[in-house]
Amino acid sequence: MEKEVYKGQIIRVTEEKINGIVWERAYFPHGVIVFPITNDGKIILVEEKRPHENPPFRIKPVSGILEHDKGTPEENAQREMQEEIGYKAGVLEPLMTLHGSGTINHAQHFFIARNLIHSKLPNPDGEDTIMGLKEFTLDELHEAILTDKLKWSMSTLGMFRLIERLRSEQ
């Protein structure tokens, strides 16, 4: 029987004894990760303040927690883009969905956003959270991942899939 041992605002942790071994599970909210592509083929990433991280900023894709009460993953992806970079996609393509189960439990829905249209919504995290936007070519993005200029995370798996998809389209 799974027993909850911690519940925060974002993370929930449980334990379950199976065959004499205590197994821990962490549950994270499902999320969306979006790779906006400019008309000249560059990928837009966000430089964001993260005061609880070291260093206190990071470069990341447009992303956010999937809020089921605010619509589908696609609708959440569009809203995150409008909040973080001031654009929405004329065309939003699913790239992949990753499901983690076992020790880490959550799903991430990845999208490619094309034909960007200016459309700004207020950022609920505060407008000063976003420090700027960075544009990367495919080669620059690949190099930034391999040289640790971009921190490895779940979004890195999506970046590799994105690079392969866009190279196959060339």
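Model, not experiment: these values are computed from the prediction.

Tracing the backbone shows glutamine 82 in helix 1 (residues 73-84). A residue is classified by how much of its surface remains accessible, and glutamine 82, at 12% relative accessible area, is buried. Reaching out from glutamine 82, the side chain makes a polar contact with the side chain of serine 119 at a distance of 2.6 Å. Leaving out residues up to four positions away in the same chain, glutamine 82 has contacts with Tyr87, Lys88, Ser119, Lys120 and Leu121.

Taken as a whole, this structure holds two aromatic pairs when the rule is applied. Relative to phenylalanine 110, the ring of phenylalanine 35 has its centre 6.3 Å away and its plane inclined at 15°; by these criteria the two rings are stacked. A residue pair is termed long-range when its members are at least 10 positions apart, and phenylalanine 35 in strand 4 (residues 31-36) and phenylalanine 110 in strand 9 (residues 104-118) qualify at 75 residues. According to the relative accessible area criterion, phenylalanine 35 is buried, its value standing at 0%. Ring plane angle 50° and centroid distance 5.7 Å describe the contact between tryptophan 152 and phenylalanine 160, whose orientation is recorded as tilted. Judged by relative accessible area, which is 26%, phenylalanine 160 ranks as partly exposed. Between arginine 12 and the ring centre of tyrosine 27, over which it is positioned, the NZ or CZ distance is 4.4 Å.

What follows concerns the nonpolar core. Ranked by internal contacts, the top residues of the largest apolar core, which has 19 residues, are Phe35, Ile43, Leu141, Leu150 and Leu162. Of all the secondary-structure elements, those providing two or more residues to this core are strand 4, strand 5 (43-49), strand 8 (87-100), strand 9, helix 2 (138-146) and helix 3 (154-169). Counting 14 residues, the second-largest nonpolar core is a separate cluster that includes Val46, Leu66, Met81 and Ile85.

This paragraph deals with the environment of arginine 58. With respect to the element layout, arginine 58 can be found in strand 6 (residues 57-60). With 89 residues separating them along the chain, arginine 58 and threonine 147 place their C-alpha atoms 15 Å apart. When residues no more than four places from it in sequence are discounted, the contact partners of arginine 58 are Val46, Glu47, Glu48, Arg50 and Glu53.

Okay, helix 3 next. Between its terminal C-alpha atoms helix 3 stretches 24 Å, which fits the 22 Å expected from 16 residues at 1.5 Å a residue. Buried positions along helix 3 lie against strand 4, strand 5, strand 8, strand 9 and helix 2.

Criteria and cut-off values
Residues numbered from 1 in each chain as written. Predicted model: local features only at pLDDT ≥ 70, side-chain atom pairs only at ≥ 80, totals over all residues. Heavy atoms only, no water. Helix = DSSP H or I, 4+ residues; strand = E, 2+ residues; numbered from the N terminus. Buried < 20%, exposed > 50% of the residue type's maximum accessible area, 1.4 Å probe, protein only. Polar contact = N/O pair within 3.5 Å; in protein donor to acceptor, adjacent residues only side chain to side chain. Contact = heavy atoms within 4.5 Å. Phe/Tyr/Trp six-rings, centres within 6.5 Å; stacked < 30°, edge-to-face > 60°. Lys NZ or Arg CZ within 6 Å of the ring centre and 35° of its normal. Core = buried A, V, L, I, M, F, W, Y, C linked by side-chain atoms within 4.5 Å. Expected span 1.5 Å × (residues − 1).

Keep in mind these numbers describe shape, not what the thing actually does.
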